[in-house]
Amino acid sequence: MKKMLIPAILLLLLTGCCDHTDQATVERWIAQAKTNAADYVKYKYDFDAEIISAYTDKRGMWIGYESLDHVYVTMEHEGQKFTVYIDGAAPCMVGCDSYQAKEIKIALESEMETMLHAPVIVDADFGSPTEQVREDNVLFSAKYDGNNLPEVLAERLSWVTVYSTGADLSDAALDGKVRSLIGEKARASLIELRGELSENSQGRLSDEPVYCSAVREIMKDTAEYTAYGLASDEVSGLVWCWKDSGQPAPNVKVTPTASYHTDQFQRELSPLTPAYEVIVDTDEKLWFYYPVEKRDAALAEKHLTGTEYAAFFYTENAKTTYRQYATTEKGEYVCVNAPNKTDGHFTFYLGYEPKSTKPKT
């Protein structure tokens, strides 16, 4: 029975790679698309480009895929390769291409630098007219002539994130200026970084309060500005952030303590760090972070392996509550999400559950 089953599985895997579109039809589409792409480029840019390769767009199916009548045509002009995406079912002069994609992004960065009066890095997300997800799917139908950037961006831009240093994001006039540049449909996130601006600035961590001092979100009909304050405790290395409304910073007191109460938690936790008693004189939301460097040094010293938890105990309704939460690394920090029912007073430490330990019953 097994000998019969294995060939059947192999046959299914092989047929899963098949094209459900007739090959002769595919070849006809590709040939027509090459002619269309050459005419399209000549009309749009007034130059002749060499055709390097071409293949159809594809739509995945439960088994295999089907080729579509739109085609990716890779072309080259004066050493620059680019993609034209165009119909191959009939003669056509309507398409889109990536020839000016880099130039358009540079122009967008330049406009943002002028607008913010500060150096920036721009991460733009352009929607795609294609079925396949490709890195070069930044394709434009409109031709950028140096003066029509808003028109070109409005065609495809869906989201733009602008990282800056030295900008004043509190200026409400930015909302209208950015909107006039990116169009009515796109959204924008303006992020003022605490550190230096570099290519490594881009990424999901950049809007963490520990890494940015302000964020301005510009949506279709609304905009929101948030500034973040930052402070730290020299002894523990603990860092905390809060929404900065211009009021005095919240008073946070961090005190080392010998109280671990390891027998009160659901899991057998081996303490990795000292326990810290934290007292906050405000009910405002705070973000707490513990340095990964200090955590890793303690790991190496104590030779602990397993699952890391942030262990908390605090008074809730006149009763001490013990909770542990799996931690999340945020770049150079371990994020310590304090419970929201602590009344501004809690104790925590980082602990490890050894691999062989099971939860208490």
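Going by the structure above, here's the rest.
For clarity, every value in this text was computed on a predicted model and none was experimentally measured. Every chain's residues receive numbers from 1 upward, in the order its sequence appears when written. For this predicted model, a pLDDT threshold of at least 70 governs which residues receive local features, and a threshold of 80 or more governs which side-chain atom pairs are given and counted, while totals over whole chains, interfaces and linings are taken from all residues. Excluding hydrogens and water, the side-chain figures rest on all heavy atoms present in the structure.

1. What to know about the sheet that holds strand β17 (residues 328–330)
Think of a sheet as strands paired side by side through backbone hydrogen bonds, with each pair either parallel or antiparallel. For two strands to count as paired, DSSP must find a minimum of two bridges between them. Put simply, DSSP H or I for four residues or longer makes a helix, DSSP E for two residues or longer makes a strand, and each gets a number counted from the N terminus. Read across the open sheet, the 9 strands follow the order β5-β6-β7-β8-β9-β10-β14-β18-β17; overall the sheet is mixed. The open sheet terminates on both sides in strands that have one partner only, identified here as β5 (120–126) and β17. This sheet shows a mean twist of 25° between the axes of neighbouring strands, independent of strand direction. In the sheet, strand β14 (residues 286–291) pairs with strand β18 (residues 333–336) via 4 bridges, with the strands oriented antiparallel. Pairing of Y289 across the sheet is with C335, part of β18. Axes here mean lines fitted to C-alpha atoms, for a helix over just the part in contact, with angles spanning 0 to 180 degrees between N-to-C directions.

2. Section: the side chain of T74
Looking at the element boundaries, T74 is found in strand β2 (residues 65–77). Not counting chain neighbours up to four residues away, the residues in contact with T74 comprise E50, I51, I52, S53 and F82. In this analysis, two residues are considered to be in contact whenever any of their non-hydrogen atoms come within 4.5 Å of each other.

3. Looking at the nonpolar core
Throughout this description, the term nonpolar core refers to a set of buried Ala, Val, Leu, Ile, Met, Phe, Trp, Tyr and Cys residues connected via side-chain atoms within 4.5 Å. When accessible area is computed with a 1.4 Å probe and restricted to protein chains, residues below 20% of their type maximum are described as buried, those above 50% as exposed, and intermediate ones as partly exposed. Judged by nonpolar contacts, the single largest core of 31 residues is most densely connected at M112 and I182. Of all the elements in the fold, those that place two or more residues in this core are α3 (101–116), β5, α4 (149–156), β6 (157–164), α5 (173–182), β7 (187–193) and β8 (212–218). Among the elements that take part in this core, α3 stands out by supplying 7 residues, more than any other. Not counting residues within four places of it along the chain, the set of residues in contact with M112 comprises V120, V122, V162, V178, L181 and I182. By size, the runner-up hydrophobic cluster in this structure holds 20 residues, among which are V254, V278, V334 and V336.

4. Focus on the side chain of T226
As for its placement among the helices and strands, T226 is situated in strand β9 (residues 223–232). Those residues in contact with T226 that sit more than four places away from it in its chain are S213, A214, V215 and K243.

5. Looking at the sheet that holds strand β3 (residues 80–87)
In spatial order, the strands read β1-β2-β3-β4; together these 4 strands make up an open sheet with antiparallel pairing. The strands lining the two open edges of the sheet, one partner per strand, are β1 (50–60) and β4 (95–97). Strand after strand, the sheet turns through a mean of 25° between neighbouring axes, direction not considered. The pairing of β3 with β4 spans 3 bridges and is antiparallel. Pairing of V84 across the sheet is with D97, part of β4.

6. Remarks on the packing of α3 against α4
Contact geometry of α3 with α4 gives a least axis separation of 11 Å together with a crossing angle of 115°. As summarised for this structure, α3 and α4 are arranged roughly perpendicular, according to the angle between their axes. Our pair here, α3 against α4, has a crossing hand that is left-handed. Counted together, I104, A107, L108 and E111 of α3 and L149, V152 and L153 of α4 form the full contact between these two elements. Nonpolar residues are Ala, Val, Leu, Ile, Met, Phe, Trp, Tyr, Cys and Pro. Charged residues are Asp, Glu, Lys and Arg, and all others, Gly as well, are polar. In terms of residue class, the contact of α3 with α4 is made up of 6 nonpolar, no polar and 1 charged. Working definition: roughly parallel below 35 degrees, roughly antiparallel above 145 degrees, roughly perpendicular at 65 to 115 degrees, and oblique for all remaining angles. Should the near helix be turned anticlockwise from the far one by less than a right angle, the crossing is termed left-handed; should it be turned clockwise, right-handed.

7. Some details on the packing of α4 against α5
Contact geometry of α4 with α5 gives a least axis separation of 6 Å together with a crossing angle of 75°. Judged on the interaxial angle alone, α5 and α4 are roughly perpendicular. The segment α4 lies against α5, with L149, P150, L153 and A154 engaging S180, L181 and I182. Grouping the constituent residues of the contact of α4 with α5 by class yields 6 nonpolar, 1 polar and no charged.

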